[in-house]
Every structure is written in C-alpha cells, then in structure tokens.
Amino acid sequence: MAQVERQQWDVVVVGAGGAGLRAAIEARERGARTAVICKSLFGKAHTVMAEGGIAASMGNVNEGDNWQVHFRDTMRGGKFLNQWRMAELHAKEAPDRVWELETWGALFDRTPDGRISQRNFGGHEYPRLAHVGDRTGLELIRTLQQKIVQLQQEDFKEYGDYEARLKVFQECTVTRVLKTESHGGSAAEQRVSGTFCYERESGRFFVLEAPAVVLATGGIGKSFKTTSNSWEYTGDGHALALLAGAPLLNMEFVQFHPTGMVWPPSVKGILVTESVRGDGGVLRNSEGKRFMFDYVPDVFKEKYAESEAEGDRWYEDPDHNRRPPELLPRDEVARAINSEVKAGRGSPHGGVFLDVSTRMPAERIKRRLPSMYHQFKELADVDITAEPMEVGPTCHYVMGGIAVDSESAATVGVPGLFAAGEVAGGMHGSNRLGGNSLSDLLVFGRRAGLHAAEHAAATGERPAVSQAEVDAAATEALAPFHAVEGAENPYTLHQELQTIMNDLVGIIRREGEMAEALEKLAALRVRASRAGVEGHRQFNPGWHLALDLRNMLLVSECVARAALERTESRGGHTREDCPSMERSWRPVNLLCRPVDPPPADPAADRIALVRTRTDPIRPDLLALFEKEELVKYLAEEELFE
Ligand code: FAD
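Procedures and definitions
Residues numbered from 1 in each chain as written. Predicted model: local features only at pLDDT ≥ 70, side-chain atom pairs only at ≥ 80, totals over all residues. Heavy atoms only, no water. Near = heavy atom within 4 Å. Polar contact = N/O pair within 3.5 Å; in protein donor to acceptor, adjacent residues only side chain to side chain. Areas by Shrake-Rupley, 256 points an atom, 1.4 Å probe, with all protein chains shown as cover. Pairing = 2+ DSSP bridges. Helix = DSSP H or I, 4+ residues; strand = E, 2+ residues; numbered from the N terminus. Axes fitted to C-alpha atoms, helices over the stretch in contact; angles between N-to-C directions. Contact = heavy atoms within 4.5 Å. Phe/Tyr/Trp six-rings, centres within 6.5 Å; stacked < 30°, edge-to-face > 60°. Buried < 20%, exposed > 50% of the residue type's maximum accessible area, 1.4 Å probe, protein only. Lys, Arg positive; Asp, Glu negative; His and termini not counted. Salt bridge = Lys/Arg side-chain N within 4 Å of Asp/Glu carboxyl O. Parallel < 35°, antiparallel > 145°, perpendicular 65-115°, else oblique. Left-handed = near helix turned anticlockwise from the far one by under 90°. Nonpolar A, V, L, I, M, F, W, Y, C, P; charged D, E, K, R; others polar.

An unreviewed UniProt entry lists the protein under the name Succinate dehydrogenase / fumarate reductase flavoprotein subunit, from Streptomyces avidinii.

In structure tokens form, the structure reads like this:
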C-alpha cells in the first residue's frame, strides 16, 4: 500500500502558463482554495516564450477593427472548422482581458498618442497584436505572477499564511487525474476527485484531493523532431484527459510554423517570430524571388496584393492597398516554403531566406525585434541587420485538443474536469492565427477558473480518493524501475517516436505513410512497456522521460489515426493524396476516445475514432460573411439550411 501525503483543495490547476495562472487567479478570486501545479520552475512555461503579441480588437491603430472582424479572421484562419461559439466569445472578450492585464501592471508598447500599440500579423485584417517588443509572453507571465503574489499577500494579512488559499507546487508532475464513483455507481457517474503527482527533485509521490481539476498543460510538440516547443510539451494534459475518459477533438490539426531556425543543427526548430514579417520582413528563395506571390490560394485572392509594389505600399497605407502574401495564415506560408525547398530553390541549409536587413534600418530592427537579433547573433552568428535569416517550417502548436463546452471549459463526460489553453480543442479550428493563443489563454483560462470554482462550491460531499486508485497510480509510475532484462532505453524510444511523427505524420501527409506510422507506433508501445531506468527516484530525468512516453505515444496515436481518417487538406492538415479542402468535411469533427476497457496487449489500438457533426453556425454570425465566401467553405446541406 503506497503511503502518500494527501492535501485537500477546492480547485487544482495543472499547468502554470497563461491559461493555468489566469484560471487560478479567477478560482481564488471566486473564493476557491486553489492549488497550481507545474512540471517546471514557476514562470517557465511556453507562454513565456511567446514573442509576437496578443490578439485583441481594441482598434487602437486602426479604428475599423472590432470583435466581428476578429471573429471573421479567426474563422477564415481555421477554415471554418472552429467551434464558432468559442471564436465568438474569444473575439468579444479578448480586449477586456488585455485591459485587465494593464490594470494588473503589464507594460505594453505604446502608440505615439499613448495607447496600447498593436502590430500586424498573418491572417489578421488590422494591426491587432498588443505587444512588448518581441517578449510579450514574458510580460504576460510576469504580470500574472505578480497578481498571484498580490493575492497571497492578501491571504497573509487575513490568515497569517501566504499559501492559505493559493499555493504553487513547482517542479511537480501530475501523472493521473483521479476519479471516484458517485452514488449511482455506474461508470458514467464517475467524477473528479483529485490528481496523483510526484515531485521531480525528490521523486516523492503526493495526492491533491479536489472536486475540480483544470488541465492547462499546453501542447504536444515534443513528439516531433523539429519543433519550437520545449521539453515540457509532451501532451500530458491530452493524455490525462483521455485516461480519465474525456475525448479529444480533431487531433489531426497540428500547426507547422513557417519560420523556425534551420541552422545550426543544435538550434533547428527554434522559432523566428511572425512579427518579422508583420513588421516588413520578406521571404525569398535561392533565386532572390519573393515567391509567396505564387502561392495565394483562391479563397484569399481578393485580400492579398498581386505585386511587390502593392504589398509594400500596404505597410504605409493599409486602407488603400492589399496586404503582402507573406502575411497569409501560417499553414499557407509553411506549405509554400516546403514546396520551394522541394523544388530545389531553398537556402544552403534547407530553408528559405527571411530578410529584414534590406527592409528597415538596423536601429529599428534592434528596437522592434530585440530577441530575434540576439537569437541569431548568439546561436547562428548571423547579424540580421546585415544579412537574411535562413528559416523553414517547425512543429509549433496543436489545434486539436480536449473537447470542451464553449462557455464553461468543462470536458465531455467527466464532471469536475475542465481544460483551457493550448490543451483544449475547438477554438482555432484547423489552423490558429498568430496572437490568438495568448488571448485564448486569458479568455478561456478565466472561464475555466470561474466554472471550476463554481463546480467545487456546488459539490456537497467532497469526493474521496480511494487507496486502490492511489496504489494503482504509484505502481504505474514505478514500473520503469522494475523493468526486466532487455529493458528499453526511454531516450532511444523518444527519439524514434519523434522521427516517426516528423517523417510520416508531418507537414505533408500520405495515406501509406500514416498507416506505416500507426504500425510503428504500435511496435513502439510494446517496447515502451519495457522501458527501464536505473538509479533512484531523486531527480532522475530518464525516469521522467519514461513517464512522459506514455502520454506522447497516446497523443501521437490520436494524431496519426485522425489524420488518416480525414481525407482532405484543411489548415494544419495537408494530404498529398487528397490535396483539396472538401466542403463535405466542414461539418465533421473527429473525436478520439480511449478504448474501454484499456487493452492489456500494448500492441492493440488504444484509441477509437468517432465522427460527430459540428453544431450549426448561428445565423447572425454567418451573416457577417458574404454569401460568395460561405459557398467556398460550407457543405451543401449547410448552405441549404
Ligand atoms: P504553457 O504556457 O506551455 O504552460 C503549460 C504548463 O503546464 C507549464 O507550466 C508546464 O510545466 C505544465 N505542465 C505540463 N504537463 C504537466 C504535468 N504533467 N504536470 C504538471 N504540470 C504540467 N502565441 C501567441 O498568441 N502569440 C505569440 O506571439 C506566440 N509566440 C510563441 C512563440 C513560441 C516560441 C512558442 C513555442 C509559442 C508561441 N505562441 C504564441 C503559442 C503560445 O505561447 C502557447 O500556445 C501558449 O503559451 C500555451 O499556453 P498554455 O498556458 O496553454 O501552456
């Protein structure tokens, strides 16, 4: 029997990025005793890496902007697969969330007349991204952390304990969401009772008991070889939800950001922010041609410049010119770069050229893009004020995620479990616009915290965590220490998984390769069941990776299975064998559910795929678009309706 410490809280938030912190602040302000738990150091999350900015239609730089235009851009970017109610709430509430940040102490860059400055970004009709140079995420996290400290100081005054109502457990990992049966006793009546966790430094297990858990664990990028994501993005929240019985939505949609570093190999994949293009940077191939003019798809033709001169004029006079095609949504730009490289017109290290040096004075580059200047100088010995950067696509973001209720962020079928931020699906449809993640974190982080607090307050008798569940979670977590002879090295498995996903389920997909990926993933699951580590539980990175592997394999199976099923190309899902976007697929969602009961044989499929229909888009929202545009996206029967 595993003896583990148990603590009681009202709400447990898993993840301390923008979504988790915003959820925790809201839950605590609504009176819930709230615990935040994060895998890395407090303050080190993906949110901190966000460079370009946060999208909100404040209209500070162009008064034409409003929530309706932002909603339209978001739906177009997502190729109309977005959960439209989420896109509507997001567009309406994002400005309030940015202004709120300012009242909490965030210092955004300003316009000459003192308002929050907003910059251009791909797919956004107007300058919309509030920013702090190219370090916006850092300011966002700093502000949210400062707010948390302020709340803790209030608690100290009232209770003599800083952590009385809001406590952060840093460098601790959750391996299971725990559930308990409520009185009916059937599986459908199981509800959340807490989380099973371990402290990374000591290896000590503990349980946080709570009637409400918010998952805010971010994305899945570490399952791909070339990625802008850091070690934390192993799809933990996605897997925790699945294992608890909550389905994932549209996992085939993975965003490959068009511009990651391609050289030197040690930094391959690190992000080059879209602000470089938003501020005037252009893409050229090895022949010096601005090739993006050749890649404007029909659905976007009316909105994008046809000549370099018109594109360049747009930066000064956006009301009378169309935007340059370098600012098309990310999926379009990533595919175009991929095609240029394949056609032999790439840069020496397998990317294309991104140039700001001939477009702005050096002093302006250093002021507008300070992190990019230092990143290239220090990591690649390239001075971006004097020469172009070499860039290529890198796995960046997952649009698919935990299926949630748009209003409350509640998951499907698991009472007490909520999800917000990158781990949640639906908001971005098949492709996210840059800047729409930071706003998503704040809008839905707040909603998740609010509804989790309400759920906890409404829970009468607190659900008890059974010793049997704790024992099962402890046994699972310790399994890598009991591996038999011939144990597999988790590092090797990790690398093989990344190669499979990158090469067979990457930016351009083919039926045969995805089927091969699923076979290889099954073989890898068998080997991963024998993953073994040496040593002890005190800070043991091999052990941590062995535990992450379960999550990465589950999530990768979801991505591959859904990608094989969707026989069209849309947003972040490009099939060479099904190259066009099919209107008949518009109203189709693909849900990944765990096979129940989980098969004992590790080679057996873990995931069952279910097709569901999207909710019909509300007529007043459809009325925001021209009929001719809707005809390009909506299925025949939807148009009829
Ligand atoms: P994160 O900020 O990643 O936080 C996840 C948290 O979960 C972390 O605290 C982690 O430790 C914790 N966690 C994970 N697993 C566990 C576990 N098992 N147990 C406990 N804790 C766990 N978006 C924009 O809108 N604008 C931008 O300019 C922008 N730039 C970007 C630049 C880069 C380089 C990258 C990588 C992304 C960028 N994005 C941008 C995307 C955006 O930053 C992310 O989508 C967003 O920050 C995700 O926030 P989150 O709160 O969902 O997750």
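So, next bit.
Peer 1: I tried to follow the site of the ligand on my own but got confused; where do I start?
Peer 2: Taken together, 40 residues surround the ligand, and among them Thr47, Gly52, Glu232, Asp236 and Glu422 come closest. In the model, an oxygen atom of the ligand is placed 3.0 Å from a nitrogen or oxygen of the Ala19 main chain. At 3.1 Å from an oxygen atom of the ligand is found a main-chain nitrogen or oxygen belonging to His46. Protein burial of the ligand: of its 1,000 Å² of free accessible surface, 99% is covered by the chains.

Peer 1: Please clarify how the sheet that holds strand E9 (residues 190–199) should be interpreted in this entry.
Peer 2: By definition, the strands of a sheet pair up through backbone hydrogen bonds, in either a parallel or an antiparallel sense. Taking strand neighbours across the sheet as the criterion, the 4 strands line up as E1-E10-E9-E8 in an open arrangement whose pairing is mixed. Each edge of the open sheet carries a strand with a single partner, namely strand E1 (5–8) and strand E8 (172–181). Each strand axis lies, on average, 25 degrees off the axis of its neighbour in the sheet, ignoring direction. As defined by bridge partners, E9 adjoins strand E10 (residues 205–209) across 5 bridges and the pair is classed as antiparallel. The partner of Cys197 across the bridge, within E10, is Phe206.

Peer 1: Looking at this structure, I do not really get the sheet that holds strand E7 (residues 166–169). What am I missing?
Peer 2: Read from one edge to the other, the open sheet built from 5 strands follows the order E7-E3-E2-E11-E18, with strand pairing classed as parallel. Each end of this open sheet is capped by a strand with a single partner; those strands are E7 and strand E18 (417–419). Between one strand and the next, the sheet's axes are offset by a mean angle of 20 degrees, whatever the strand orientation. Sheet analysis places strand E3 (residues 34–37) next to E7, joined by 4 bridges and oriented parallel. Each bridged residue has a counterpart across the sheet, and for Thr34 the counterpart in E7 is Leu166. Here helix H1 (residues 18–29) sits on the sheet in contact with strand E2 (11–14), E3, E7 and strand E11 (212–215), set at roughly 170 degrees to E3.

Peer 1: Teacher, can you tell me more about the packing of aromatic side chains here?
Peer 2: Any aromatic ring pair is given by two values, namely how distant the centres are and how the planes are angled relative to each other. Scanning the entire structure with this criterion turns up 15 aromatic pairs. Between Phe80 and Phe625 the ring centres are 4.9 Å apart and the planes differ by 55 degrees, which places this aromatic pair in the tilted class. One end of the pair, Phe80, is in the loop between helix H3 (67–77) and helix H4 (84–103); the other, Phe625, is in the loop between helix H17 (619–622) and helix H18 (627–633), with 545 residues separating them in the sequence. Note on Phe80: relative accessible area 0%, which makes it buried. With centroids separated by 5.6 Å and ring planes inclined at 25 degrees, the aromatic side chains of Phe169 and Phe206 adopt a geometry described as stacked. Of this pair, Phe169 sits in strand E7 while Phe206 sits in strand E10, placing them 37 residues apart in sequence.

Peer 1: So what exactly am I meant to see when it comes to the side chain of Arg432 here?
Peer 2: Inspection of the secondary structure puts Arg432 in the loop between E18 and helix H12 (436–458). No salt bridge is formed by the buried Arg432. Its closest oppositely charged neighbour is Glu422, at 6.3 Å. Beyond its immediate sequence surroundings of up to four residues, Arg432 is in contact with Gln255, Arg330, His396, Tyr397, Met399 and Ser437.

Peer 1: Would you mind showing me how to read the packing of helix H15 (residues 511–528) against helix H16 (residues 541–565) here?
Peer 2: For any two helices packed against each other, the geometry comes down to the angle between their axes and how far apart the axes lie. Packing of H15 against H16 leaves a shortest axis separation of 9 Å and a crossing angle of 160 degrees. It follows from the interaxial angle that H15 and H16 lie roughly antiparallel. Judged by the sense of rotation from one axis to the other, the crossing of H15 with H16 is left-handed. Counted together, Glu511, Met514, Ala515, Leu518, Leu521, Leu524, Arg525 and Ala528 of H15 and Leu553, Ser556, Glu557, Ala560, Arg561, Ala563 and Leu564 of H16 form the full contact between these two elements. Here the contact of H15 with H16 is composed, by residue class, of 10 nonpolar, 1 polar and 4 charged.

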